[in-house]
Amino acid sequence: DAKTTQPPSMDCAEGRAANLPCNHSTISGNEYVYWYRQIHSQGPQYIIHGLKNNETNEMASLIITEDRKSSTLILPHATLRDTAVYYCIVRQNTDKLIFGTGTRLQVFP
Amino acid sequence: GAGVSQSPRYKVAKRGQDVALRCDPISGHVSLFWYQQALGQGPEFLTYFQNEAQLDKSGLPSDRFFAERPEGSVSTLKIQRTQQEDSAVYLCASSPRTGKGSGNQPQHFGDGTRLSIL
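This report concerns the structure included in the present document. All values derive from a computational prediction rather than experimental measurement. (Residues numbered from 1 in each chain as written. Chains lettered and ligands numbered in written order. Predicted model: local features only at pLDDT ≥ 70, side-chain atom pairs only at ≥ 80, totals over all residues. Heavy atoms only, no water.)

## So, the sheet that holds strand S8 (residues 84–91) of chain A
Residues and elements named next belong to chain A. Just so we agree on the cut-off: Here, strands pair whenever DSSP counts at least two bridges between them. Helix and strand definitions follow DSSP, with helices as H or I runs of at least four residues and strands as E runs of at least two, each counted in order from the N terminus. In this analysis, axes come from line fits to C-alpha atoms, helices being fitted only over the stretch in contact, and the angle between any two N-to-C directions falls in the range 0 to 180 degrees.
Taken in spatial order, the 5 strands of this open sheet run S1-S9-S8-S3-S4, and their pairing is mixed. Either end of the sheet is taken by a strand with one partner, and the two such strands are strand S1 (9–13) and strand S4 (45–50). Averaged over neighbouring strand pairs, the angle between their axes works out to 25 degrees when direction is ignored.

## What about the packing of aromatic side chains?
Each aromatic ring pair is described using two quantities: the centre-to-centre distance and the angle formed by the ring planes. Selection rule: Note on aromatic pairs: the rings of Phe, Tyr and Trp (six-membered ring only in Trp) are paired at centre separations within 6.5 Å, and the planes decide the class, stacked below 30 degrees, edge-to-face beyond 60, tilted for the rest. Burial status follows relative accessibility: with a 1.4 Å probe on protein chains alone, a residue under 20% of its type maximum counts as buried, one over 50% as exposed, and anything between as partly exposed. The rule is short: NZ of Lys or CZ of Arg within 6 Å of the ring centre and within 35 degrees of the ring normal puts a charge over the ring.
On inspection of all chains with the given rule, the structure shows 13 aromatic pairs over all chains. With 6.4 Å between their ring centres and 35 degrees between their planes, Phe33(B) and Tyr35(B) make a pair best called tilted. Both residues of the pair, Phe33(B) and Tyr35(B), belong to the buried class. Over the face of the ring belonging to Tyr34(A) we find Arg91(A), whose NZ or CZ atom lies 5.4 Å from the ring centre.

## Overview of the nonpolar core
Going by this rule: The definition of a nonpolar core used throughout is a set of buried Ala, Val, Leu, Ile, Met, Phe, Trp, Tyr and Cys residues joined through side-chain atoms within 4.5 Å.
In terms of nonpolar packing, the biggest core is built from 21 residues, with Trp35(A), Leu73(A), Tyr86(A) and Leu105(A) touching the most fellow members. When residues of this core are traced back to their parent elements, those giving at least two are strand S2 (18–23), strand S3 (32–38), S4, strand S6 (61–64), strand S7 (70–75), S8 and strand S9 (103–108) of chain A. Here the element with the most residues in this core is S8(A); it accounts for 4 residues. Counting 19 residues, the second largest nonpolar core, distinct from the first, contains Leu32(B), Trp34(B), Leu46(B) and Ala67(B).

Written as structure tokens, this is what we have:
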């Protein structure tokens, strides 16, 4: 599975959009981009995933560049409860997830 | 709706004791995974089941770690002769299917068991 690179930390004001970047320059054609988040003392929570097209659900939007070498997770209106560590993972049909160290997002009032 | 359930939520054991951690996956999920998460790190893969078959145990750190899923639903992770370095959060995840096409299937996690070895 391809390696991902994320900034270690980011801040965002409550009510503003949080844009979390991820680089995955070695991604191959059949690898999906997954995003999970982990709030303190909880297990990782699935957010969204995509292959080539941009995706949107009730939690977030995922924007994947045309060359698929990077992506951005967008939380449109961040709240204090969105404070968490966000993991970007690229995944093939291998079943296990390989987590990096993620981005620690701090939403402030 | 019922998610992945893990028990106990917290476990404290003395070095050298054996421990058993339980995972109840989402009903009907074929795949079950165990991960270990050290403090300040991301989760790391331990082992994976498809129904009752353990298809990958490449992440188990030593032969003191043993996992089973005898009826293809509930799974138990056992650690024998625990050591202080075994202290971590142990996470279980499940997903509906496996193999080809599984890249499109999210894994859903429980909240883990926090194991502390004294």
